[in-house]
Amino acid sequence: AYSDLPATERIGLVADTMALARSGRIEFAEYFRLLDAMRDEREGAVWQQVIENLAYLDDVFAGTPTQKSVRAYGRSLLRPVMSRLGWQPQPGEDAGTLRVRASLIDALGRFDDADTTARAKAMFAAYTATPSVLIEPSIRQGVVRTAARTADPATFESLRRLLKEASNQEDNYLYGGAMVLVRDPQLVQRILELGLT
């Protein structure tokens, strides 16, 4: 009866089912069965809840074989939602839809979705090469964070330059927060060194 529930009840059901699984009162398989039942969900706030829950599981299982399964599931669940929304805002979209689009880009980048990562990296590279080529503001955070995760030394230096040139707190948080997401071990070491200077 999932689809018959009002949006507020669907949000609560997703949150409560995850809480029950985290507390050990139900198996995590029950949570994933719920997610399978909501693939046609249209409410952005519900997807926001799901993205946060999958990110939690990605952190919990970091470095284990289960993390790969969580990421594969996340890609299969979230790709169709991203395809439906598209990368560019449409006239009349509400704030929740704008927010969930950026979260989807960030989550799919986190879950190693090849298409999302390639597109975000291309957008970031175009912006850093020609600052007049702006990234749509509502997806900027997702794009920058996704580009940072798979950064090479040149991308890392672009992030560092943007952080040094940041003229407001929002940009400080954006570029500083993105830099610490790098996965390349040499760049992680560089972050540690920069943190001590």
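Given the structure is predicted, the values throughout are model-derived calculations rather than measurements.

What counts and how
- Residues numbered from 1 in each chain as written.
- Predicted model: local features only at pLDDT ≥ 70, side-chain atom pairs only at ≥ 80, totals over all residues.
- Heavy atoms only, no water.
- Helix = DSSP H or I, 4+ residues; strand = E, 2+ residues; numbered from the N terminus.
- Rg over C-alpha atoms; globule rule 2.2 N^0.38 Å.
- Buried < 20%, exposed > 50% of the residue type's maximum accessible area, 1.4 Å probe, protein only.
- Contact = heavy atoms within 4.5 Å.
- pLDDT = per-residue confidence, 0-100.
- Salt bridge = Lys/Arg side-chain N within 4 Å of Asp/Glu carboxyl O.
- Expected span 1.5 Å × (residues − 1).

Draft legend 1. Highlighting the overall build of the protein. Summing up its helical and strand segments, the protein has ten helices and zero strands in all. Taken against the 2.2 N^0.38 rule, which gives 16 Å for 197 residues, the C-alpha radius of gyration of the protein at 18 Å falls within 12% of a compact globule. When each of the 197 residues of the protein is scored for burial, the buried share is 42%. By sequence separation, contacts in the protein at least 24 residues apart represent 63% of the contacts at least 6 residues apart.

Draft legend 2. Representation of the confidence of the model for the protein. When pLDDT is averaged along the protein, the result is 94; 100% of the residues meet or exceed 70. Of all the helices and strands in the protein, helix 10 (residues 185–195) carries the lowest mean pLDDT, 93, while helix 7 (residues 140–149) carries the highest, 97.

Draft legend 3. Geometry of the pattern of salt bridges. For the coordinates displayed, the defined rule picks out 17 salt bridges. The closest approach of N and O atoms between E41 and R10, which form a salt bridge, is 2.7 Å. In this pair, E41 is assigned in the loop between helix 2 (28–37) and helix 3 (44–60) and R10 in helix 1 (residues 7–22), connecting sequence segments 31 residues apart. For E41, a relative accessible area of 4% puts it in the buried group. Residue R71 pairs with D58 through a salt bridge whose shortest N-O separation is 2.7 Å.

Draft legend 4. Seen up close, helix 4 (residues 65–85). The terminal C-alpha atoms of helix 4, which comprises 21 residues, lie 31 Å apart, in line with the 30 Å expected from a rise of 1.5 Å per residue. Residues of helix 4 that are buried include every one of Q67, V70, R71, Y73, G74, R75, L77, L78, V81, M82 and L85, and no others. On its buried side, helix 4 packs onto helix 2, helix 3 and helix 5 (95–110).

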